[in-house]
Amino acid sequence: MLIDMLLIQKGKTMICTIASNGKEFASGVLNESEEPIISIKAALRNNIWKLFTMGYDEFYSNTEIGVPLWAGATVTALEMFNEIKFYAVIPYEEQTTAWPEPQRDMYYSVHEKSEDVIMLDTHFEEGCYRRADEYMINDSDALLYYGKSDDDAYILKYARKQGIRIFIFSDDKLEIE
């Protein structure tokens, strides 16, 4: 069966990091109740569920605005009825200082419901996002990435270098590397 072939289990728990190319808002739409954000969030939800049914039961993200934060909200909502866990790996404590209030509220709500919040630095420092990416990927069996396979994102390159399974999605398409 295809699902059996895709599972590469390092131990009992299978971990997946969720990240994006940061272009969720490229269309100029900022309202999460409008397209294309509705479609992106639906695809994210569907893909998290697919990975969960494949055996991935722990998820990491840096809870940055967009896909990483929505992923945290999705996984923590699924925790109510499923054996699934979410870990927020934040690059630095002051990450939300300039954020709009609704996203900041969601960020703290996700952190409150997370299994754990791992803070790597107290202040922004050059390279702090890369350190968060490396921390998550080094502990992961897979990466669920919103974007394109030819994106120049550090996390995508690092995941390839580490040899973990990569799932790339955009809207309703899921590509497996």
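Residues numbered from 1 in each chain as written. Predicted model: local features only at pLDDT ≥ 70, side-chain atom pairs only at ≥ 80, totals over all residues. Heavy atoms only, no water.

1. Describing helix α3 (residues 67–78)
Then, number 1: Helix length check: α3, at 12 residues, gives a terminal C-alpha distance of 16 Å against a target of 16 Å (1.5 Å per residue), a fit within 8%.
Then, number 2: Most of α3 is tucked away: 10 of the 12 residues are buried. (Helix = DSSP H or I, 4+ residues; strand = E, 2+ residues; numbered from the N terminus. Expected span 1.5 Å × (residues − 1). Buried < 20%, exposed > 50% of the residue type's maximum accessible area, 1.4 Å probe, protein only.)

2. Topic: the side chain of S140
Then, number 1: Note on placement: S140 falls in the loop between α5 (128–138) and β5 (142–146).
Then, number 2: According to the relative accessible area criterion, S140 is buried, its value standing at 0%.
Then, number 3: At 2.6 Å, the side chain of S140 forms a polar contact with the side chain of T17.
Then, number 4: A polar atom in the side chain of S140 sits 2.7 Å from the backbone oxygen of M136. (Polar contact = N/O pair within 3.5 Å; in protein donor to acceptor, adjacent residues only side chain to side chain.)

3. Describing the sheet that holds β5
Then, number 1: In space, the 7 strands of this open sheet follow the order β4-β3-β2-β1-β5-β6-β7, with mixed pairing throughout. In the strand order of this sheet, the two ends are held by β4 (116–119) and β7 (173–176), each with one partner. Here the average twist between neighbouring strands, direction ignored, is 20°.
Then, number 2: Across 4 bridges, strand β2 (residues 58–61) lies against strand β3 (residues 85–90) in parallel orientation. Each residue of the ladder has a partner; that of E58, found in β3, is K85.
Then, number 3: Where α3 meets the sheet, it contacts β1 (15–20), β2, β3, β5 and β6 (165–170), and its direction lies at approximately 140° from that of β1. (Pairing = 2+ DSSP bridges. Axes fitted to C-alpha atoms, helices over the stretch in contact; angles between N-to-C directions. Contact = heavy atoms within 4.5 Å.)

Coordinates in, geometry out; function isn't part of it.
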